[in-house]
Amino acid sequence: MNYQRKIAVYCCVICTAFFLSAPAWAVYLSFTPSDSTIQPGNSVSVDIFVSGLETDNLAAFDFDVNFNPEILTFDSYVLGNGLGSIDIGDAENFGLGSLSSGVINIAVFSNFRTIDAQPETFRLATLTFTGIHDGSSSLLFSDAVFGNEENISMSGDVNASSLIRVETQANNIVEIYRSVEPGRTESVAQSAGVNPLVISGDIAQFSNGLPANIGVGDVLVYGEQNHAAFIHKRISPAVFTVRTNTGAAPVPISADNSWSIYRAYTSLRDAENGNENTGIPQQLRNFDTWTGGKDLIADNQRWIIACYAGNPDTSNIYINGWTTGPENYIRIFTPHTPDQVGISQRHDGKWSETSYRLVTTAADDYQSSICIREDYVRIEGLQIHTKANNFSTYGITTNSLSSESSNHIYVSDCILKGDGTPRGGGIRGYDFMGNLTVRNTIVYDMGDVCISASGQHTFEAYNNTVYNCWRGFHVSNPAFIVKNNISAESADYDYANWFGSTSSDNVSSDGSAAMWGLLNGITYIVPEEHFIDVEARDFHLKNTSSLRGRNAGAFPE
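Residues numbered from 1 in each chain as written. Predicted model: local features only at pLDDT ≥ 70, side-chain atom pairs only at ≥ 80, totals over all residues. Heavy atoms only, no water.

Enquirer: What is the right way to read the pattern of salt bridges from this model?
Expert: Between side chains of opposite charge, pairing is possible as soon as their charged atoms come close. Under the definition given, this model contains 16 salt bridges. Across the pair Arg357 and Glu353 runs a salt bridge whose closest N-O atoms are separated by 3.1 Å. For Asp445, the salt bridge goes to Arg537, with nearest N and O atoms at 2.9 Å. With Asp445 in strand β34 (residues 442–453) and Arg537 in the loop between β41 (531–533) and β42 (538–541), this residue pair connects regions lying 92 residues apart in the sequence. For Asp445, a relative accessible area of 16% gives the class buried. Given a relative accessible area of 17%, Arg537 falls into the buried group. Three or more residues joined by partner-sharing salt bridges are found here, namely Glu167, Glu175, Arg302, Glu327 and Arg378. (Salt bridge = Lys/Arg side-chain N within 4 Å of Asp/Glu carboxyl O. Helix = DSSP H or I, 4+ residues; strand = E, 2+ residues; numbered from the N terminus. Buried < 20%, exposed > 50% of the residue type's maximum accessible area, 1.4 Å probe, protein only.)

Below, the structure written as structure tokens:
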């Protein structure tokens, strides 16, 4: 299909029909997974989901997906059937596919006059890419148009992004998975003699599906409690990839009805210290024999800790004593995709008591909820409630990193909240030698600064929302970059006081998004006009918000 036909389709099908009426209910586009890592030459598939269809049906869509062609090549896309089957003519594929270097166009128009039983959330398409060079590429939406079956345009939230990292693993790094559920020592599931297990190679096959909250990092005890394996991937409710504690192939077994599944640890602090779940049979419990940290470079490992919902996790964590590297990093995250777990353990952008949450109360100064003292750590999707209790403390701090210029701490997709006391803050980079990136994170109700850094080699903040702190963002280095952030209702300034020359497209409720060298800022917003529910601390943007779809500061390639 050529570009002229694309213009014709766009004008005749979309513009003429859908823009005759006022916009209908908003739809939301999202990527799954939101974060993935592959090696050069390997492929990755990313699903595009639409949601927000509680009161309306989607009958047409047309949007572009942007990526970095220096990092990825686009292979193909497969459309879903939510607007009708294209194969039998219920819907028409008007997408152009690879429109230009780094741009993919996807467009479908339904031939149904009435769409029956369309779900509120469904898959629009699956994109497949291949990594070609080391680096990272965001997937971003642009030029999106939507319409319903009554020929009325629909507004769209297209702020979601997906980050694909392409990383050479020259030494075939072994990924090690461990799970955490606060306070849970008992098994999560067991055979009870009615669900036989077969393990062949690294595949564990159960006769019946397991509970949806079982996922990566969980410990499978089997063979009359003689063997243990750890879940590395969820293929289906009944099929999982499993490995031993060192990442090797597990002992095979047939028709085993003695199995049970446990969380590996009962707190994040215990996972960092190597203190295993005491509910696991004693003869299998000492699967992590190290103390005081682990040398991931010497063991050629990457340590991945999955945090599951349950009771609040109440112990501070000091990540210290490990030896990490650019590829041998520690990743602490909440599983949320179908290949990780059957039901998401992550918040949906608003604080949730039914998702994993770390809740700590300071008893002295500098007792951060998470203190990072290693060079290569990633924190993804956690909820952290830091009760400062009038002590000087933060939700996440970096401190005592090495002088290695490539070190890097990533914080993404998290929610941090405080108790409003004067000395509690959100995220703080103390190091003069560190590199810190914070993206897609919400911080609020802090008596000190929401996000701050001093001395770092680099500091980057993209697509964050901070609210009701003494100061929103505070940095003091002309190399520090802030883009596409929202900061509101700070007691002092929303932004201060020295930013990099490419910092831009930020938003404030005072005038500071246009001060301190910040470019193209939006100032003096009224938060209640943009956020869903400020009092309930729901910082999703309203359908009517003029801040939707800015994407100017999306995570850089």
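Here the narrative resumes.
Enquirer: Would you take a moment to explain the environment of Thr393 for this structure?
Expert: By secondary structure assignment, the location of Thr393 is in strand β29 (residues 393–398). Judged by its relative accessible area of 1%, Thr393 is buried. Separated by 24 residues in sequence, Thr393 and Ser369 place their C-alpha atoms 8.1 Å apart. Setting aside its immediate chain neighbours within four residues, Thr393 contacts Ala362, Tyr366, Gln367, Ser368, Thr386, Ala388, Arg423, Gly424 and Gly425. A polar atom in the side chain of Thr393 sits 3.1 Å from the backbone nitrogen of Ser368. (Contact = heavy atoms within 4.5 Å. Polar contact = N/O pair within 3.5 Å; in protein donor to acceptor, adjacent residues only side chain to side chain.)

Enquirer: For this particular structure, what's the right way to read the packing of aromatic side chains?
Expert: A ring pair, where both rings are aromatic, is described by two values, the distance of the centres and the angle of the planes. A complete count under the given rule lists 20 aromatic pairs for this structure. Seen from their ring centres, Tyr265 and Phe287 are 6.1 Å apart, and the 75 degrees between their planes marks the pair as edge-to-face. You can see Tyr265 sitting in the loop between β21 (260–262) and α2 (268–273) and its partner Phe287 sitting in the loop between α3 (282–285) and β22 (301–307), a full 22 residues away along the chain. When its relative accessible area of 0% is taken as the criterion, Tyr265 is described as buried. Judged by centre distance (5.3 Å) and plane angle (45 degrees), the rings of Tyr467 and Phe539 are tilted. Of this pair, Tyr467 sits in strand β36 (residues 465–476) while Phe539 sits in strand β42, placing them 72 residues apart in sequence. Like Tyr467, the residue Phe539 is buried in the burial classification. For Arg378, the ring lying beneath its charged end belongs to Tyr329, and the centroid distance is 3.8 Å. Directly above the aromatic system of Trp351 lies the positively charged group of Lys417, at a separation of 4.2 Å from the ring centroid. (Phe/Tyr/Trp six-rings, centres within 6.5 Å; stacked < 30°, edge-to-face > 60°. Lys NZ or Arg CZ within 6 Å of the ring centre and 35° of its normal.)

Enquirer: What should I look at first to understand the state of the cysteines in this one?
Expert: By definition, a disulfide links the sulfur atoms of two cysteines through a covalent bond. Under the definition given, this model contains 1 disulfide. Shown here is the disulfide that connects Cys450 with Cys469, its sulfur atoms set 1.7 Å apart. The sign of the 55 degrees torsion about the S-S bond sets the Cys450-Cys469 disulfide as right-handed. Of this pair, Cys450 sits in strand β34 while Cys469 sits in strand β36, and the two are 19 residues apart along the sequence. For the pair Cys450 and Cys469, a shared accessibility class is recorded, and that class is buried. Looking at the unpaired Cys371, the closest cysteine sulfur is the one in Cys414, lying at 16 Å. A residue is classified by how much of its surface remains accessible, and Cys371, at 4% relative accessible area, is buried. Note on Cys414: no disulfide assigned, nearest cysteine sulfur contributed by Cys307 at a separation of 10 Å. (Disulfide = S-S within 2.5 Å.)

Enquirer: I'm lost on a nonpolar patch on the surface in this one. Help?
Expert: Together, Tyr493, Met515 and Trp516 make up an exposed nonpolar region whose accessible area comes to about 240 Å². Note on placement: Tyr493 falls in the loop between β38 (486–488) and β39 (495–498). Overall, the relative accessible area of 32% leaves Tyr493 in the partly exposed class. (Patch = residues over 30% accessible without salt bridge, like charges linked within 9 Å, V, L, I, M, F, W, Y side chains within 5 Å. Areas by Shrake-Rupley, 256 points an atom, 1.4 Å probe, with all protein chains shown as cover.)

Enquirer: Sorry if this is basic, but what is going on with unusual backbone geometry here?
Expert: Note: most peptide bonds trans; most residues except glycine with negative phi. In the segment running from Thr32 into Pro33, the intervening peptide bond is cis, with an omega of 0 degrees. Counting through the fold element by element, Pro33 comes out in the loop between β1 (24–32) and β2 (35–38). Between Ala496 and the following residue, Asn497, the backbone shows a cis peptide bond with an omega angle of 0 degrees. Here Asn497 shows up in strand β39.

Enquirer: Explain the layout of surface pockets here, please?
Expert: One simple way to see leftover space: roll a probe sized like a water molecule over the atoms. Estimates place the volume of the largest pocket at around 1600 Å³. Along its surface, the largest pocket is lined by 45 residues, and Ser30, Ala160, Asp348, Gly349 and His540 are the ones closest to its centre. Broken down by secondary-structure element, the contributors of at least two residues to the lining of the largest pocket are β1, β3 (43–51) and β42. The leading source of residues in the lining of the largest pocket is β1, at 5 residues. A breakdown of the residues in the lining of the largest pocket according to their chemical character gives 15 nonpolar, 20 polar and 10 charged. Size it by volume and the second largest pocket reaches roughly 1100 Å³. Thr37, Glu175, Tyr177, Lys233 and Asp339 are the residues nearest the centre of the second largest pocket, which is lined by 39 residues in total. (1 Å grid on protein atoms, 1.4 Å probe; cavity = no way out; pocket = protein on both sides within 12 Å on 5 of 7 lines; lining within 4 Å. Points joined across faces, edges and corners; volume = space filled by probe spheres on them. Nonpolar A, V, L, I, M, F, W, Y, C, P; charged D, E, K, R; others polar.)

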